[in-house]
Amino acid sequence: IIKSPGDHPSYFFEAEPHGIIGFAPPFDDAGSFGVGFRGTFNIADGFVPNINDSVGVGVGFDFGVDGRVYIPVVLQWNFWLSTHWSVFGEPGLAFGSGGPYNGVFPAFFAGGRFHFTDRIALTIRLGYPDVAVGVSFFL
């Protein structure tokens, strides 16, 4: 369905609770486990008129068990590949705190989703400074 613009589930908001493994500041370089949430507002059907893409603005938080906090704000660009698969890229900025790391950090993620239904998907996100695995709910 990548060549069928707009042929993806209609949604306004994606809610994604997830677990994380942090591996770079503001998380401990030795690895930090935790939990988080990402909420993404769908703002457009996409940038490229002849493919099935969409664009959203995401904001979230990740908490490491060591007390470190990471709050990203990203632009999410989705590509809907098939009925069950979509991928995305997320560039942005984030505020981080905890330990010696406080301030603004770059945020860049790439991820994929396996869609069980039009409204529920398994989501894997890899990037800087953590890796997340969660469940997305499209509302």
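**Structural notes on the pattern of salt bridges**
- Applying the stated rule across the entire model yields 5 salt bridges.
- Put simply, glutamate 16 and arginine 125 hold a salt bridge, and the shortest N to O gap is 2.9 Å. Taken together, the residues span a long stretch of sequence, with glutamate 16 in strand β1 (residues 13–22) and arginine 125 in strand β7 (residues 120–128) at a distance of 109 residues.
- A relative accessible area of 1% means that glutamate 16 is categorised as buried.
- A salt bridge links aspartate 66 to arginine 68; the nearest nitrogen and oxygen atoms lie 3.8 Å apart.
- Take arginine 68: its relative accessible area is 14%, and that puts it in the buried class.

**Quick look at unusual backbone geometry**
- Geometrically, the link from tyrosine 128 to proline 129 is a cis peptide bond, its omega value of 15° lying close to zero.
- Secondary-structure assignment places proline 129 in the loop between β7 and β8 (130–138).

**So, the nonpolar core**
- By size, the foremost hydrophobic cluster in this structure holds 9 residues: Ile20, Phe27, Tyr70, Val74, Ala94, Phe105, Ala107, Phe109 and Ala132.
- Those elements that provide at least two residues to this core are β4 (69–80) and β6 (103–115).
- The element contributing the most residues to this core is β6, with 3 residues.

**Let's talk about the pairing of strand β3 (residues 53–64)**
- Pairing of strand β2 (residues 32–44) with β3 involves 10 bridges; the strand directions are antiparallel. Counterpart to glycine 39 in the pairing with β3 is valine 59.
- Where β3 and β4 come together, 9 bridges link them in antiparallel fashion. Residue pairing across strands places valine 55 opposite tryptophan 77, the latter belonging to β4.
- Hairpin connection, β3 to β4: the antiparallel pair is bridged by 4 residues, and glycine 67 has positive phi, about 90°.

Scoring rules and cut-offs
Residues numbered from 1 in each chain as written. Predicted model: local features only at pLDDT ≥ 70, side-chain atom pairs only at ≥ 80, totals over all residues. Heavy atoms only, no water. Salt bridge = Lys/Arg side-chain N within 4 Å of Asp/Glu carboxyl O. Helix = DSSP H or I, 4+ residues; strand = E, 2+ residues; numbered from the N terminus. Buried < 20%, exposed > 50% of the residue type's maximum accessible area, 1.4 Å probe, protein only. Core = buried A, V, L, I, M, F, W, Y, C linked by side-chain atoms within 4.5 Å. Pairing = 2+ DSSP bridges.

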